[in-house]
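Examining the three-dimensional arrangement
The chain contents come next:
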Amino acid sequence: MNPKNLTQLDPKLKEAYERVMGTSVPPPAPAATPAPIHQEPQSAPQTSNQVVVNKKRGGLSPVLIAIAIILFFTIYTIVWVMVFGLKVPFLP
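The paragraphs below set out a description of the structure included in this document.

Next up on the list: the overall build of the protein chain. Within the protein chain, the secondary structure is distributed over two helices and zero strands. Taken across its 92 residues, the protein chain has 4% of its residues classed as buried. Split by element, the accessible area of the protein chain, about 9,600 Å² in all, is 65% carbon and sulfur.

Written out as structure tokens, the structure is:
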């Protein structure tokens with residue numbers, strides 16, 4: 001159930017929802033016209049206290065993985081061609 005729609009519920013159902021969820025939903029705000037909020041442009045940039053942590057990813061690069069896969073299938077194919085004694089038209 002979406003908590004945004006609680007104001008449209010039956011009072012008994014709303015009470016049961018609040019009891020089960022352990023929350024109380026504030027009554028809807030009166031439909032007054034809000035005063036316009038003026039934002040003044042900020043002249044100084046805000047500083048942030050966030051620390052950016054670069055996590056080192058372990059493992060191989062995706063390019064090396066792709067090369068390894070291609071090499072594996074090439075060797076795999078050559079081995080089975082030799083096992084079955086197949087003639088490959090483009091090989092001597």
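So, next bit.
Bringing the packing of aromatic side chains into the picture now. For the structure on display, the rule yields four aromatic pairs. Judged by centre distance (6.4 Å) and plane angle (65°), the ring pair of tyrosine 76 and tryptophan 80 falls under edge-to-face. Here tyrosine 76 pairs with tryptophan 80, and both are found in helix α2 (residues 62–84), just four residues apart, close to one helical turn. Using a relative accessible area of 45% as the deciding quantity, one classes tyrosine 76 as partly exposed.

For α2, which comprises 23 residues, the first-to-last C-alpha distance of 33 Å matches the rise-based estimate of 33 Å (1.5 Å per residue) to within 8%. In the stretch just after α2, glycine 85 is the one whose phi turns positive, near 65°.

What counts and how
- Residues take numbers from 1 onward in each chain, read along the sequence in its written order.
- Given that this is a predicted model, residues contribute local features only at a pLDDT of at least 70 and side-chain atom pairs are listed and counted only at 80 or more, while totals for whole chains, interfaces and linings are drawn from all residues.
- To obtain the side-chain values, all non-hydrogen atoms of the structure were used and water was disregarded.
- Starting at the N terminus, helices and strands are each numbered in turn, a helix being any DSSP run of H or I of at least four residues and a strand any DSSP run of E of at least two.
- The buried label applies to any residue whose accessible area, calculated with a 1.4 Å probe on protein chains only, is under 20% of its type's maximum; exposed applies above 50%, and partly exposed to all values in between.
- Where accessible areas are quoted, they stem from the Shrake-Rupley method and a 1.4 Å probe; at the residue level, only the protein chains shown are allowed to cover.
- A pair of Phe, Tyr and Trp rings is counted when the ring centres sit within 6.5 Å of each other, with Trp represented by its six-membered ring. The angle between the planes then sorts it: under 30 degrees is stacked, over 60 is edge-to-face, the rest tilted.
- In this analysis, the expected span of each helix is defined as 1.5 Å times one less than the number of residues it contains.

Read these as spatial facts, not as claims about activity.
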